[in-house]
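The primary structure of each chain is shown beneath.
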Amino acid sequence: MTYWYEGPLAAFDTETTGVDVENDRIVSAALVVQDASGARPRVTRWLVNPGVPVPAAATEVHGLTEEHLQRNGRWPAPVMYEMAEALAEQAAVGRPLVVMNAPFDLTLLDRELRRHRASSLGRWLERSPLRVLDPWVLDKHLDRYRKGRRTLTDLCAHYGVPLEGAHDAAADAVAALEVTRAVGRRFAARLERLSPAELHTLQAVWHAAQARGLQAWFARSGTEEVVDQAWPLRPELPAAA
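Reference entry: report on the structure contained in this document. (Residues numbered from 1 in each chain as written. Predicted model: local features only at pLDDT ≥ 70, side-chain atom pairs only at ≥ 80, totals over all residues. Heavy atoms only, no water.)

### Brief notes about the overall build of the protein chain
Okay, so step 1: When helices and strands are counted, the protein chain shows ten helices and five strands.
Okay, so step 2: Against the 2.2 N^0.38 benchmark of 18 Å for 241 residues, the protein chain shows a C-alpha radius of gyration of 18 Å, consistent with a compact globule.
Okay, so step 3: Counting only C-alpha atoms, the protein chain reaches 50 × 50 × 35 Å along its principal axes.
Okay, so step 4: Per-residue burial for the protein chain yields a buried fraction of 49% across its 241 residues.
Okay, so step 5: A separation threshold of at least 6 residues defines the contact pool for the protein chain, and within that pool the share at least 24 residues apart is 67%.
Okay, so step 6: For the protein chain, the accessible surface area stands at approximately 12200 Å², while carbon and sulfur atoms represent 52% of it. (Helix = DSSP H or I, 4+ residues; strand = E, 2+ residues; numbered from the N terminus. Rg over C-alpha atoms; globule rule 2.2 N^0.38 Å. Buried < 20%, exposed > 50% of the residue type's maximum accessible area, 1.4 Å probe, protein only. Contact = heavy atoms within 4.5 Å. Areas by Shrake-Rupley, 256 points an atom, 1.4 Å probe, with all protein chains shown as cover.)

### Here's the deal with the packing of aromatic side chains
Okay, so step 1: Taken as a whole, this structure holds four aromatic pairs when the rule is applied.
Okay, so step 2: On the basis of an interplanar angle of 75° and a centroid distance of 5.7 Å, the ring pair of Tyr 81 and Trp 124 is categorised as edge-to-face. Taken as a pair, Tyr 81 in helix α3 (residues 76-92) and Trp 124 in helix α5 (residues 121-124) lie far apart in primary sequence, 43 residues in all.
Okay, so step 3: Exposure remark for Tyr 81: the relative accessible area of 36% places this residue in the partly exposed category.
Okay, so step 4: Taken together, the ring pairs connect Tyr 3, Trp 4 and Tyr 5 into an aromatic cluster. (Phe/Tyr/Trp six-rings, centres within 6.5 Å; stacked < 30°, edge-to-face > 60°.)

### Considering helix α7 (residues 152-159)
Okay, so step 1: Turning to α7, its buried residues are Leu 152, Leu 155, Cys 156 and Tyr 159. Down the axis of α7, the buried side of the element spans an arc of 100°, and every buried residue falls inside it.
Okay, so step 2: Buried-residue contacts for α7 involve α6 (135-142) and α8 (169-186).
Okay, so step 3: Backbone geometry just after α7 places Gly 160 at a positive phi near 70°. (Arc of directions from axis to C-beta.)

### So, the pairing of strand β2 (residues 26-34)
Okay, so step 1: The buried fraction of β2 amounts to nine of the nine residues, a majority that puts the element mostly inside the structure.
Okay, so step 2: In terms of strand pairing, β2 meets strand β3 (residues 42-47) through six bridges, oriented antiparallel. Looking across to β3, one finds that Ala 30 is bridged to Arg 45. (Pairing = 2+ DSSP bridges.)

Printed below as a string of structure tokens:
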């Protein structure tokens with residue numbers, strides 16, 4: 001019997017102009033598809049001219065300058081369509097999709113679709129829902145008492161996964177996929193009997209609990225920051241009155 005963490009997986013990652021999912025833009029993205037553990041991945045890359053300034057702080061992270069994106073990037077509308085189609089294809093064939101910190105990347109894509117296509121990610125997934133695997137949520141639930149940060153770089157170091165070219169969308173997607181396989185193997189006794197669909201449902205519950213815990217910590221620290229409990233996609237903000 002082949003367990004989900006040894007079978008077909010895909011992974012999606014984006015690089016952006018910042019960390020605000022409601023207002024920042026995607027500048028590059030990648031979808032990685034692997035038919036089985038150890039198989040050569042197939043990589044699709046997108047480069048986007050976001051049509052807005054690219055802050056220097058963002059360029060320092062991913063290395064993509066505004067000038068480079070204007071010269072080599074494509075306009076957002078067709079690119080967002082292609083991304084949504086690619087994710088819908090993974091959902092249609094039942095291939096689980098790995099997304100590190102899923103509410104960030106998937107919400108950004110949803111907002112870009114609303115902005116440039118007058119649509120939403122949900123419309124592309126009406127017939128076949130995604131089965132998302134989020135290594136951040138999985139690791140935090142399964143090894144909740146481990147101290148230290150849990151960025152992708154940290155998880156790669158902890159699980160012994162190479163990460164070459166961090167903050168390149170394709171490199172990060174491959175690394176997140178391999179971390180997810182490593183989490184599955186390490187916690188096989190707790191995960192191998194669960195299907196990706198069951199895990200998707202459980203992660204929504206786990207993420208909400210994690211968010212409540214972080215919110216309580218902020219409250220104790222006197223910080224008013226709000227932690228969104230939605231996973232893997234944040235709901236659209238209501239329009240201003």
